[in-house]
Amino acid sequence: MTSTSSTPAQERRVVTAIPGPKSQELHARKQAAVADGVGNVLPVYVRRAGGGVVEDVDGNHLIDFGSGIAVTSVGASAEAVVREATAQLADFTHTCFMVTPYEGYVKVAEELAALTPGDHAKKSALFNSGAEAVENAVKIARAHTGRQAVVVFDHGYHGRTNLTMALTSKSMPYKHSFGPFAPEVYRVPVAYPYRWLTGPENCAEEAAAQAIDQISKQVGAENVAAIVIEPVLGEGGFIEPAKGFLPRIAEFAKANGIVFVADEIQSGFCRTGQWFACEDEGIVPDLITTAKGIAGGLPLAAVTGRAEIMDAAHAGGLGGTYGGNPVACAGALGAIATMRELDLNAKAKRIEEIMKPRLAKIAENHPAIGDVRGRGAMIAIELVKPGTKEPDAELTGKVAKACHQAGLLILTTGTYGNVIRFLPPLVIGEELLGEGLDVLESAFAELA
Ligand SMILES: *Cc1c(COP(=O)(O)O)cnc(C)c1O
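Computed from a predicted structure; not experimentally measured.

Visitor: I would appreciate a short explanation of the nonpolar core in the present structure.
Guide: As a rule of thumb, nonpolar side chains are buried together in soluble globular proteins. With 96 residues, the main nonpolar core has Ile227, Phe245, Phe422 and Leu440 as its most contacted residues. Both domains that meet at this core, namely domain 1 (21–64 + 343–447) and domain 2 (81–341), each give it at least three residues. Leaving out residues up to four positions away in the same chain, Phe422 has contacts with Phe65, Phe238, Met355, Leu359, Ala377, Met378, Ile379, Ala380, Ile381, Ile410 and Leu440.

Visitor: Help me understand helix H1 (residues 21–33) in this model?
Guide: Helical geometry: 3.6 residues make up each α-helical turn, so side chains three or four residues apart lie on a common side. Helix length check: H1, at 13 residues, gives a terminal C-alpha distance of 19 Å against a target of 18 Å (1.5 Å per residue), a fit within 8%. Listed as buried for H1 are Ser23, His27 and Lys30. Projection of H1 onto a plane perpendicular to its axis shows the buried side chains occupying an angular sector of 55°, all on one side. Every exposed residue of H1 that faces more than 90 degrees away from the buried side is listed here: Pro21, Glu25, Arg29, Ala32 and Ala33.

Visitor: Help me understand the packing of aromatic side chains, please; the structure alone is not making it clear to me.
Guide: Any aromatic ring pair is given by two values, namely how distant the centres are and how the planes are angled relative to each other. Throughout the structure, instances matching the rule amount to 8 aromatic pairs. Between Phe269 and Phe276, the aromatic rings sit 5.3 Å apart at their centres with planes inclined by 70°, giving edge-to-face as the arrangement. Taken individually, Phe269 and Phe276 each receive the classification buried, so the pair is uniform in this respect. Through a chain of ring-to-ring contacts, three or more aromatic side chains come together here, namely Phe92, Phe97, Tyr102 and Tyr105. Seen from the ring of Phe181, Lys175 lies directly overhead, with NZ or CZ sitting 5.2 Å from the centre. Sitting over the ring of Tyr194, Lys389 keeps its end group 4.5 Å from the ring centre.

Visitor: Explain the domain arrangement of the protein here, please?
Guide: You'll often see interface size given as the accessible area lost when the parts meet. The domain boundaries assigned to the protein delineate domain 1 (21–64 + 343–447) and domain 2 (81–341). Look at where the C-alpha atoms of domain 1 and domain 2 centre, and you get two points 26 Å apart. Between domain 1 and domain 2, the residue contacts involve 33 residues of the former and 29 residues of the latter. Carbon and sulfur atoms supply 49% of the area that domain 1 and domain 2 bury against each other, a total of about 2,500 Å² over both sides. The largest per-residue losses of area from domain 1 upon contact with domain 2 belong to Asn345, Arg375 and Met378, which jointly make up 31% of the total buried on that side. Applying the counting criterion to the domain 1 and domain 2 interface returns 4 salt bridges.

Visitor: How should the site of the ligand be read in this particular structure?
Guide: If you check the shell around the ligand, you find Ser129, Gly130, Ala131, Tyr157, His158, Gly159, Glu230, Asp263, Ile265, Gln266 and Lys292 and nothing else. Within the backbone of Gly130, an N or O atom sits 2.7 Å from an oxygen atom of the ligand. In the model, a nitrogen atom of the ligand is placed 2.7 Å from a nitrogen or oxygen of the Asp263 side chain. Burial of the ligand by the protein chains amounts to 82% of its free accessible area of 380 Å². Broken down by class, the residue content of the shell around the ligand amounts to 3 nonpolar, 5 polar and 3 charged.

Visitor: What is the right way to read the environment of Ala225 from this model?
Guide: On the secondary structure map, Ala225 appears in strand E7 (residues 224–229). Residue classification places Ala225 among the buried residues on the basis of a relative accessible area of 0%. In this structure the C-alpha to C-alpha distance between Ala225 and Gly146, which are 79 residues apart in sequence, comes to 7.3 Å. Setting aside chain neighbours within four positions, we find Ala225 in contact with Ala141, Arg142, Thr145, Arg147, Gln148, Ala149, Ile258 and Val259.

Conventions used here
- Residues numbered from 1 in each chain as written.
- Predicted model: local features only at pLDDT ≥ 70, side-chain atom pairs only at ≥ 80, totals over all residues.
- Heavy atoms only, no water.
- Core = buried A, V, L, I, M, F, W, Y, C linked by side-chain atoms within 4.5 Å.
- Buried < 20%, exposed > 50% of the residue type's maximum accessible area, 1.4 Å probe, protein only.
- Domains from an automatic or database assignment.
- Contact = heavy atoms within 4.5 Å.
- Helix = DSSP H or I, 4+ residues; strand = E, 2+ residues; numbered from the N terminus.
- Expected span 1.5 Å × (residues − 1).
- Arc of directions from axis to C-beta.
- Phe/Tyr/Trp six-rings, centres within 6.5 Å; stacked < 30°, edge-to-face > 60°.
- Lys NZ or Arg CZ within 6 Å of the ring centre and 35° of its normal.
- Buried area = accessible area lost by both parts, 1.4 Å probe.
- Salt bridge = Lys/Arg side-chain N within 4 Å of Asp/Glu carboxyl O.
- Near = heavy atom within 4 Å.
- Polar contact = N/O pair within 3.5 Å; in protein donor to acceptor, adjacent residues only side chain to side chain.
- Areas by Shrake-Rupley, 256 points an atom, 1.4 Å probe, with all protein chains shown as cover.
- Nonpolar A, V, L, I, M, F, W, Y, C, P; charged D, E, K, R; others polar.

This is how it looks when you write it as structure tokens:
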């Protein structure tokens, strides 16, 4: 594994209550100085992080099954990211690409053209956050089509800015009290196999038919600029749309001159065992949005797509002061090199190979686990009241808390708050991965 000398020891170590006294002291200061709207999953304050471990200020070493929400796939202090970003910092921190450009930005755009699906001519524009990338994909699709409507899906998540709140399906906590939202946004069904009423067998076909019917009859296909979908829905609960659904929607978009946008902000960059999750069904999106895993923890995002669509916006219409910051671009080049060098797609597949059978086995003994799903290192379990599909958010919270106290950092998610998601760094050691699963199993034995 590539690591710097400051990477924490790769072992679980619980030496105080979690959070420990130093974290609690810092947290009291946080409560006084930081707005309450900015919450924390687990208020342990970090000293160092890297590989598969987060080390806190009290000396606890937590096994990392979160990667800062699917960001630090190469680790939180990957050697190449640190080296490239440090060198860039010493040369210059910023000029604004829209004022005087630099090569790093162009190199990232070239990498994106090479790595994203399809061999057509591609161009990119870089931004700071995932939400900003999604907003810009919509701007570009509107400029290209001369249409206004945007179609999104049940359980979708696209960010916290005004337009992306409108595109996001879940009210609490993302939208509640923050309206009014941007207009011309329409939400249609997605093929969620576990919760499809007539069963998973019919899910792809029925969901696609309903979605297409609603778009055609309620919006009018000729009014739609873009269809925006996550190939694996992240915040909605790691929902893999039933096979056949995505190709059907992509075909419909193509037949109707609608820009098909794959939001790969969470699922991209090796997370599912492929560079991009849409490759799984051979889908070639018109535009693809990326962020999170792209730069090893530095803030960077992109819209990449067909050159003729990307060029639809007039000069000066896209950009931003910091978009494609040189240090973030250097970090991205280091992260992408690391993904290639360590073959992190293979690592993600190996993580799936270890996790899924283990989780299936835990589920055999614990009927509260209703579903085990996901691909690569984007895996989840959905918790329900045994014998039903009634979501059990309470148990989900308790399991997460027990894991945290035992030194395993896990995240919950899902429309119903009843999904535990696993997003380990792709460079995590197999022993740590196994130990994390032991901790999870103990938590179920204790609570379920
Ligand atoms: C996280 C996420 C976003 C928003 O990204 P930010 O960098 O938080 O703005 C958008 N879409 C998906 C699928 C995401 O997972």
